[in-house]
Each structure stands twice: as C-alpha cells, then as structure tokens.
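In case you want the letters, here they are:
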Amino acid sequence: IRYGEDAFPWLDANLQFTMRNPLGNGHKMSLYGNVWRRRHVGVLWEIPISNGFFFEWGTSVGSRPSLYDSWHARLDLRSTVGIGKWFGRYNKFLFTISPRYNRIELTDTKERDHYWEVISTLKYSADLRDVWWDPHSGFYFSQSATTNRLLPYRDPVTDTGMNYLS
C-alpha cells in the first residue's frame, strides 16, 4: 500500500537481462529496469578478481513514491560498490556500499528538497538450481541484512535523521 492510499496494492513490473561471461573472463553484466509507480533503469557489473573473490559495481536512476511519507522522489540516483567471495560453486557472500541521492517533492505543499543516504548490505546466497534460469529443478536461497547507519536518511519534513536495519 502506498502512502495516502488505504487498500491499493503497489504493483511493479521488473525486467532483467543478464549476460554471463561477455568479456570471456567470468564477468557478469546485468541491465535491469522496473516500471509502474517505481521507475528505474540500471546496470550491474560483476568482475572476478582471483581465488573466488569478485568486485561488483552498479548504478541506477529513476523515480519512486514514498511508502511512508507524503513525498515523491523525482530523482532517485543510486550507485553500488561491493566485494564478494564465492565459496565453492554455489555459495556467495557479498558486502556492498550504496550511496543514494534523492531529489524529492512534498506532495502536500509541492516544496522541493533533497537528501543523501548511504546503505550497506551483507548478503548470502546459495544457488543449487540445475539450470540457473529454470526454477523447476533445485533451489535458490538468498538472505541479506541492510542498514543506513553510515549516513542515515534525513526526513525532509521534520529534518531528523532516521536509521534502519532490515
């Protein structure tokens, strides 16, 4: 449910195109986007380093309404930098730092504001599917912890910092 709406589901349509090994050295590049109320386009590039370690870089740009407050992000710009490690063929750990910039418009007064936030994430995934694109055989598990403790979101209405851990 979006802010200000009682019982309307927040729908998204997502599309991701992933190229595996486009440069011949184990690289993985993904182009993605989503439309409806939250609109984003982005790119994510995974670069192998050595001994199972890899570097991840990505960026996205878009707009989105708030789920919690009376504002709309007219510009939602994100960048992601991370380092990870494969353990065996199926298990992956990843730590990312994601600076995020939002230029917002308050829906009640049409005033404009902006804020910065830095999000850090620790993620584990296990991919035991026989074929990575076929969900019928094997399983995929992913779990992550995310926080903005490095640079918290600043509420544009009350001008107070807001931390979270999810």
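Our structure's up above, just so we're on the same page.
For clarity, every value in this text was computed on a predicted model and none was experimentally measured. (Residues numbered from 1 in each chain as written. Predicted model: local features only at pLDDT ≥ 70, side-chain atom pairs only at ≥ 80, totals over all residues. Heavy atoms only, no water.)

Some thoughts on the pattern of salt bridges
Now for step 1: All chains considered together, the criterion is met by 3 salt bridges.
Now for step 2: Where Arg100 meets Glu117, a salt bridge forms, and the shortest distance between an N and an O atom there is 3.6 Å. Residue Arg100 is found in strand S6 (residues 91-106), and its partner Glu117 is found in strand S7 (residues 112-127); the two are separated by 17 residues along the sequence. Take Arg100 and Glu117: they sit in the same class, and that class is buried. (Salt bridge = Lys/Arg side-chain N within 4 Å of Asp/Glu carboxyl O. Helix = DSSP H or I, 4+ residues; strand = E, 2+ residues; numbered from the N terminus. Buried < 20%, exposed > 50% of the residue type's maximum accessible area, 1.4 Å probe, protein only.)

So, the side chain of Ser98
Now for step 1: In this fold, Ser98 is placed in strand S6.
Now for step 2: Using a relative accessible area of 13% as the deciding quantity, one classes Ser98 as buried.
Now for step 3: A distance of 3.2 Å separates a polar atom in the side chain of Ser98 from a polar atom in the side chain of Thr80.
Now for step 4: The contacts of Ser98, once residues within four sequence positions are left out, are Ser79, Thr80, Glu117, Val118 and Ile119. (Polar contact = N/O pair within 3.5 Å; in protein donor to acceptor, adjacent residues only side chain to side chain. Contact = heavy atoms within 4.5 Å.)

Overview of unusual backbone geometry
Now for step 1: One non-glycine residue with positive phi stands out, namely Asn21, at about 60 degrees.
Now for step 2: With a phi close to 50 degrees, Asn51 is a non-glycine residue in the positive phi region.
Now for step 3: Along the chain, the position of Asn51 falls in the loop between strand S3 (39-48) and strand S4 (53-65).

Quick notes on the packing of aromatic side chains
Now for step 1: Tallied over the full model, the rule gives 4 aromatic pairs.
Now for step 2: Relative to Trp86, the ring of Phe54 has its centre 6.5 Å away and its plane inclined at 45 degrees; by these criteria the two rings are tilted. Here Trp86 lies in strand S5 (residues 71-87) and Phe54 lies in strand S4, a separation of 32 residues in the sequence.
Now for step 3: Note on Trp86: relative accessible area 28%, which makes it partly exposed.
Now for step 4: Consider the rings of Phe93 and Tyr124, whose centres lie 5.0 Å apart with planes at 45 degrees: the pair is tilted. Taken together, the positions of Phe93 in strand S6 and Tyr124 in strand S7 put the pair 31 residues apart, joining distant regions of the chain.
Now for step 5: Here Tyr124 falls in the partly exposed class, since its relative accessible area comes to 24%.
Now for step 6: Geometry around Phe53 places Lys85 over its ring, the cationic atom sitting 4.8 Å from the centre. (Phe/Tyr/Trp six-rings, centres within 6.5 Å; stacked < 30°, edge-to-face > 60°. Lys NZ or Arg CZ within 6 Å of the ring centre and 35° of its normal.)

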